[in-house]
Amino acid sequence: MKDFFLRNNAYHIWATNLLYDSIDTFSDEDYKKDAGLFFKSIHGTLNHLLLVEKVWYSRLIGEVYVPSSLAEELELNRQTLKSRMIQSLELWNSWLTSLDSSIWDSLFRYKTMRGFEAELNFSDVIQHNFNHRTHHRGQITAAITQLGGKSPEIDYVYYLQTKGK
């Protein structure tokens, strides 16, 4: 199971880099323009992704990080946000690599942002994080198209074909 999650994280690094190849062509105005996304703009959605990565990662390593909201802005500068996003994904890779194989079927207990105790299967928590990334990248690709850009082909199967898996 560990190899599956490492492969998925490698995919997310690959997909995020391709997504940024498209995003980097936009002006700051378009990048921060309200595109009708849940977190309004491409920037707002990327910022949300970084924020949630930080929330879940802190929970998983036994620390507590509770933002004021899911839209709290962690980074104003788009290049710094990009750098922090890639660093976060690479941090996940190092952490996933360090995990013992016995952890995948264990229960993970944590406190929600609303302060409730929750318990989920550890591997489901990790899968949720991967699904969350994919969900919001899909929103961003819609915004890229809406703004007249070329949306990257970032389906998982393309990653596998590209990497010869």
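Here's what I pulled together on the structure shown here. (Residues numbered from 1 in each chain as written. Predicted model: local features only at pLDDT ≥ 70, side-chain atom pairs only at ≥ 80, totals over all residues. Heavy atoms only, no water.)

Notes on the packing of aromatic side chains
Moving on, step 1. In this structure the tally under the stated criterion is 17 aromatic pairs.
Moving on, step 2. Seen from their ring centres, F108 and F122 are 6.2 Å apart, and the 75 degrees between their planes marks the pair as edge-to-face. Of this pair, F108 sits in strand β1 (residues 107-111) while F122 sits in helix α5 (residues 122-146), and the two are 14 residues apart along the sequence. The exposure classification of F108 matches that of F122, with both residues buried.
Moving on, step 3. In textbook terms, an aromatic cluster arises when at least three aromatic residues are bridged by ring pairs, as seen for F4, F5, W56, Y57, W92, W95, W104, F108, Y110, F122 and F130.
Moving on, step 4. Across the ring face of W56, the terminal group of R59 is positioned such that the distance to the ring centre comes to 4.4 Å. (Phe/Tyr/Trp six-rings, centres within 6.5 Å; stacked < 30°, edge-to-face > 60°. Helix = DSSP H or I, 4+ residues; strand = E, 2+ residues; numbered from the N terminus. Buried < 20%, exposed > 50% of the residue type's maximum accessible area, 1.4 Å probe, protein only. Lys NZ or Arg CZ within 6 Å of the ring centre and 35° of its normal.)

Concerning the pairing of β1
Moving on, step 1. Burial along β1 is one-sided: F108 and Y110 are buried, while L107, R109 and K111, pointing the other way, are not.
Moving on, step 2. Note that β1 and strand β2 (residues 117-121) share five bridges and pair antiparallel. Counterpart to L107 in the pairing with β2 is N121.
Moving on, step 3. Remark: five residues form the turn of the hairpin made by β1 and β2, two consecutive strands paired antiparallel; G115 in that turn has positive phi of roughly 90 degrees. (Pairing = 2+ DSSP bridges.)

What about the side chain of S58?
Moving on, step 1. Among the structural elements, S58 can be located in helix α3 (residues 42-60).
Moving on, step 2. Classification of S58 as buried rests on a relative accessible area of 6%.
Moving on, step 3. With sequence-adjacent residues up to four places away left out, S58 is seen in contact with E63, V64 and Y65. (Contact = heavy atoms within 4.5 Å.)

What about the nonpolar core?
For soluble globular proteins, nonpolar side chains are generally found buried alongside one another.
Moving on, step 1. Ranked by size, the top nonpolar core spans 27 residues in total, and within it I23, I42, L46, I140 and I144 carry the most contacts.
Moving on, step 2. Listing elements by their share of this core, those giving two or more residues are α1 (2-23), α3, α4 (78-98), α5 and α6 (156-163).
Moving on, step 3. Core analysis: the second largest hydrophobic core is formed by 18 residues, F5, A118, V125 and I126 among them. (Core = buried A, V, L, I, M, F, W, Y, C linked by side-chain atoms within 4.5 Å.)

Structural measurements only, silent on function.
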